[in-house]
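Residues per chain are reported as follows:
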Amino acid sequence: DTPPGVPDADAAPAGHGEQVLYVDDDEVMCLVVERLLERAGFRPTTCTDAEAALALLNRPDGAIDVLVSDFNMPGTSGLELARQVRTLRPGLPVVISSGFLSEELRRGAEALGVTQLLHKQNTHEEIVPAVRRALAERCVIAPRG
């Protein structure tokens with residue numbers, strides 16, 4: 001049910017070197033997701049905490065195309081990270097993964113303009129299609145000029 005002229009993100013070709021920032025306090029998840037994204041043609045960068053991710057996004061050369069963050073992390077939650085990213089990089093697509101997608105999380109994510117929510121247990125299958133959809137949506141809503 002993709003509108004005419006909009007690429008179907010699930011059928012989209014592999015990435016073309018787009019930079020994906022993945023944030024998760026689980027180092028094993030970071031390694032696995034990094035490999036999955038590399039194989040799909042993206043350039044992943046991983047961080048194990050929100051502060052490191054924000055530092056990367058604050059750098060002038062921090063050209064990130066999509067942010068994917070775990071929701072439940074020590075210190076700063078994925079929603080709080082999304083809130084801070086909205087101020088820092090208003091147009092950056094944000095995807096949040098969580099082991100439990102509560103109604104409260106869904107409402108908070110919607111209010112912050114989070115692009116998608118992923119079930120963390122399905123990350124292996126869903127991460128690449130989610131990044132493709134986030135990139136496709138970014139292209140559709142990007143200002144022309």
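For the structure itself, consult the block above.
**Q** Looking at this structure, I do not really get the nonpolar core. What am I missing?
**A** Nonpolar side chains in soluble globular proteins tend to end up buried together. Leu21, Val23, Leu67, Leu81, Val85, Val94 and Val114 are the most contacted members of the largest nonpolar core, which totals 23 residues. When contributions to this core are tallied by element, the ones reaching two or more residues are strand S1 (19–23), helix H2 (50–58), helix H3 (78–88), strand S4 (94–98) and helix H4 (103–111). If you tally residues by element for this core, the top one is H2, at five residues. With residues near it in sequence (within four places) discarded, valine 94 still touches Leu67, Ala82, Val85, Arg86, Val114, Thr115 and Gln116.

**Q** Please explain the side chain of glutamine 116 as it appears in this structure.
**A** By the element assignment, glutamine 116 lies in strand S5 (residues 116–119). What makes glutamine 116 buried here is its relative accessible area of 10%. Among the polar contacts made by the side chain of glutamine 116, one reaches the main-chain carbonyl oxygen of alanine 130 at a distance of 2.7 Å. Within the local environment of glutamine 116, its side chain forms a polar contact with the side chain of arginine 133, the two groups lying 2.8 Å apart. Those residues within four positions of glutamine 116 in sequence are excluded, and the remaining contacts are Val94, Val95, Ile96, Ala130, Arg133 and Ala134.

**Q** Sorry, what's going on with the pattern of salt bridges here?
**A** Two side chains of opposite charge can pair, provided their charged atoms sit close to one another. Taken as a whole and judged by the stated rule, the model has four salt bridges. Residue glutamate 34 pairs with arginine 35 through a salt bridge whose shortest N-O separation is 3.1 Å. Judged by relative accessible area, glutamate 34 falls into the buried class, the value being 17%. Across the pair glutamate 80 and arginine 83 runs a salt bridge whose closest N-O atoms are separated by 2.6 Å. Residue glutamate 80 and its partner arginine 83 are located together in helix H3, separated by three residues, close to a single helical turn. Given the relative accessible area of 42%, arginine 83 is considered partly exposed. Each of Asp24, Asp70 and Lys120 takes part in salt bridges that share partners, so that together they form one network.

Here is what the cut-offs are and how they apply
Residues numbered from 1 in each chain as written. Predicted model: local features only at pLDDT ≥ 70, side-chain atom pairs only at ≥ 80, totals over all residues. Heavy atoms only, no water. Core = buried A, V, L, I, M, F, W, Y, C linked by side-chain atoms within 4.5 Å. Buried < 20%, exposed > 50% of the residue type's maximum accessible area, 1.4 Å probe, protein only. Helix = DSSP H or I, 4+ residues; strand = E, 2+ residues; numbered from the N terminus. Contact = heavy atoms within 4.5 Å. Polar contact = N/O pair within 3.5 Å; in protein donor to acceptor, adjacent residues only side chain to side chain. Salt bridge = Lys/Arg side-chain N within 4 Å of Asp/Glu carboxyl O.

Remember, this is a structural readout, not a statement about activity or role.
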